[in-house]
Protein chains: 2
Amino acid sequence: MASDRRLGVESSKVRALLVEAADQLMVEEGHQAVSARRVAERAALKPQLVHYYFRSMDDLFIAVFRRATERYLALHEQALAAPQPLRALWELNSDSSGTKRNMEFIALASHRDAVRAEIVQSATFFRTLQIAAVARVLAARGIDTEAFPAAGVTLLMSAISRALVTETTLGISLAHTELLAIVNRFLELAEPREAAPGH
Amino acid sequence: MASDRRLGVESSKVRALLVEAADQLMVEEGHQAVSARRVAERAALKPQLVHYYFRSMDDLFIAVFRRATERYLALHEQALAAPQPLRALWELNSDSSGTKRNMEFIALASHRDAVRAEIVQSATFFRTLQIAAVARVLAARGIDTEAFPAAGVTLLMSAISRALVTETTLGISLAHTELLAIVNRFLELAEPREAAPGH
DNA sequence: GTCTATACTTCGATAGAC
DNA sequence: GTCTATCGAAGTATAGAC
């Protein structure tokens, strides 16, 4: 497993193609579709190249995860800096392909320790940022943080968007409208939309 | 894939052993650990027996799912008939092995259509029952169903317990206490615990 | 009715050729 | 620095022996 064979450089164009192909497979078909052969096939390359650029499949998965995390970080910063951060965050986390990728990594975590460690660190990092942002919004609006602690609200919104996206992907829609109504009611309370003035 | 070879009878003891072994692997190691070889190994049987009792791995997964669903149905009925159905339901759905199994089936659904159909049907069935039960509780307590529609509350509680169990399994605990506080506050509103009288 | 010998495919990984 | 020939293990599934 841990050999000392030579590997391709990180800046390689081919390496980037493999990561992209793996990411696509992950989102479109799930993590079990991500095999060296399938990845190479999608990138129109030879299967052995996967193991030239990545010591193991674990390493490939982690490369995919880190690339996705970097991209998400940029969007995340934008969202938290928006005029209505809660609404922006809600929009961001309602993205289906992002959530699909995330769920696949969570499924992977159960049998790939390296992946699990990566996920825990990343989830904790983003949640910490979000809690601070949510706390600011709640404070600004004078919302009772006894009833609605910022950390609880943050995790709550994350849990809801994950569930809705997951179920929608499966083809379940029962009660979604009603849950969205509750969410919207809360968002309206925390970040009221401009009441159309003047008419 | 669809052959006409002979299969073992459904009442077979060996068949039940295989289902049990597959279920254990599913919960303990995830669905990818459930291969014909691994299942047989755990049951101390020959790998080929899996394909004697099940036409395909899909069929084995469905057998595991149906057995779990039957058992869950019994517990579910008990919970909904309890004095405080919302609390009972919350307890039931906070069970970690049940949720783990469920999450694995959801992960499976992305590449096994037969499994997906099974999940959608089952989820819709249970949710329908739960919504009716939640509606009764909310009505009895006179809770504003404009702000908290029964369907929304039902899905909300399901989303929360799923998220908490999943994250706990991964090793993430940030903000869990705070979310639990919100849940308990709601449960106290909908189903107040007996205030200790007389002192 | 029950089980096994066996076929064929795909997997991750490595050593060595260019 | 880049790629390929090749290996051994594990995957699903079937036809045929008991």
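The rules behind the values
Residues numbered from 1 in each chain as written. Chains lettered and ligands numbered in written order. Predicted model: local features only at pLDDT ≥ 70, side-chain atom pairs only at ≥ 80, totals over all residues. Heavy atoms only, no water. Near = heavy atom within 4 Å. Polar contact = N/O pair within 3.5 Å; in protein donor to acceptor, adjacent residues only side chain to side chain. Helix = DSSP H or I, 4+ residues; strand = E, 2+ residues; numbered from the N terminus. Nonpolar A, V, L, I, M, F, W, Y, C, P; charged D, E, K, R; others polar. Phe/Tyr/Trp six-rings, centres within 6.5 Å; stacked < 30°, edge-to-face > 60°. Core = buried A, V, L, I, M, F, W, Y, C linked by side-chain atoms within 4.5 Å. Buried < 20%, exposed > 50% of the residue type's maximum accessible area, 1.4 Å probe, protein only. Contact = heavy atoms within 4.5 Å. 1 Å grid on protein atoms, 1.4 Å probe; cavity = no way out; pocket = protein on both sides within 12 Å on 5 of 7 lines; lining within 4 Å. Points joined across faces, edges and corners; volume = space filled by probe spheres on them. Salt bridge = Lys/Arg side-chain N within 4 Å of Asp/Glu carboxyl O.

Even after reading the chapter, I still don't get the protein's contact with DNA strand D, so can you show me in this structure?
Every one of the 20 residues lining DNA strand D counts as a neighbour, but A:Arg6, A:Gln48, A:Tyr52, B:Arg5 and B:Arg37 are closest to it. Of everything in DNA strand D that lies within 4 Å of the protein, sugar and phosphate atoms constitute 45%. Interatomic distance of 3.0 Å between a backbone N/O atom of B:Met57 and a phosphate oxygen of DNA strand D. Elements with a minimum of two residues in the surface near DNA strand D: α3 (48-53) of chain A together with α2 (36-43) and α3 (48-53) of chain B. In terms of residue count, the dominant contributor to the surface near DNA strand D is α3(A) (four residues). Partitioning the surface near DNA strand D into residue classes produces eight nonpolar, six polar and six charged.

Just checking my understanding: could you explain the packing of aromatic side chains for this structure?
We describe a pair of aromatic rings using the distance from one ring centre to the other and the angle between the two ring planes. Applying the stated criterion to the full structure yields 10 aromatic pairs over all chains. Each residue in the set A:Tyr72, A:Phe125 and A:Phe126 is aromatic and connected to the rest through ring pairs, giving one cluster.

What is the right way to read the nonpolar core from this model?
Among soluble globular proteins, nonpolar side chains are generally buried collectively. Of all hydrophobic cores here, the largest spans 44 residues; its most connected members are A:Leu86, A:Ile160, B:Leu86 and B:Ile160. For this core, the secondary-structure elements that each account for two or more residues are α5 (85-93), α7 (113-140), α8 (150-170) and α9 (176-190) of chain A together with α5 (85-93), α7 (113-140), α8 (150-170) and α9 (176-190) of chain B. With residues near it in sequence (within four places) discarded, A:Ile160 still touches A:Trp90, A:Leu179, A:Val183, B:Leu156 and B:Ala159. Ranked by size, the runner-up nonpolar core spans 33 residues in total, among them B:Ala21, B:Leu25, B:Val34 and B:Val64.

In this structure, what is going on with empty space enclosed by the protein? I would like to understand it.
Summary: where empty space remains is shown by rolling a probe the size of a single water molecule over the atoms. For the structure on display, the rule yields three cavities of 30 Å³ or more. In this structure, the largest cavity occupies an estimated 110 Å³ of space. Mapped by element, the contributors of at least two residues to the lining of the largest cavity are α8 of chain A together with α6 (96-109) and α8 of chain B. Along the lines of polarity and charge, the residues of the lining of the largest cavity split into seven nonpolar, two polar and two charged.

Can you walk me through unusual backbone geometry in this structure?
Trans peptide bonds make up most of the peptide bonds, and negative phi angles are found at most residues other than glycine. Residues and elements named next belong to chain A. A positive phi is found at Ala44, a non-glycine position, where the angle reads about 55 degrees. Here Ala44 is to be found in the loop between α2 (36-42) and α3. Residue classification places Ala44 among the exposed residues on the basis of a relative accessible area of 67%. Phi is positive for Ala175, which is not a glycine, with a value near 80 degrees.

Sorry if this is basic, but what is going on with the pattern of salt bridges here?
Opposite charge on two side chains permits pairing when their charged atoms draw close. Under the criterion given, the structure shown has 26 salt bridges over all chains. The partner of A:Arg101 in a salt bridge is A:Asp23, and the shortest N-O contact between them spans 2.7 Å. Highlighted residues: A:Arg101 in helix α6 (residues 96-109) and A:Asp23 in helix α1 (residues 13-29), separated in sequence by 78 residues. A salt bridge links B:Lys100 to B:Glu104; the shortest N-O distance between them is 3.8 Å. Here B:Glu104 and B:Lys100 lie together in helix α6, a separation of four residues that amounts to about one turn. The class for B:Glu104 is buried, based on a relative accessible area of 5%.

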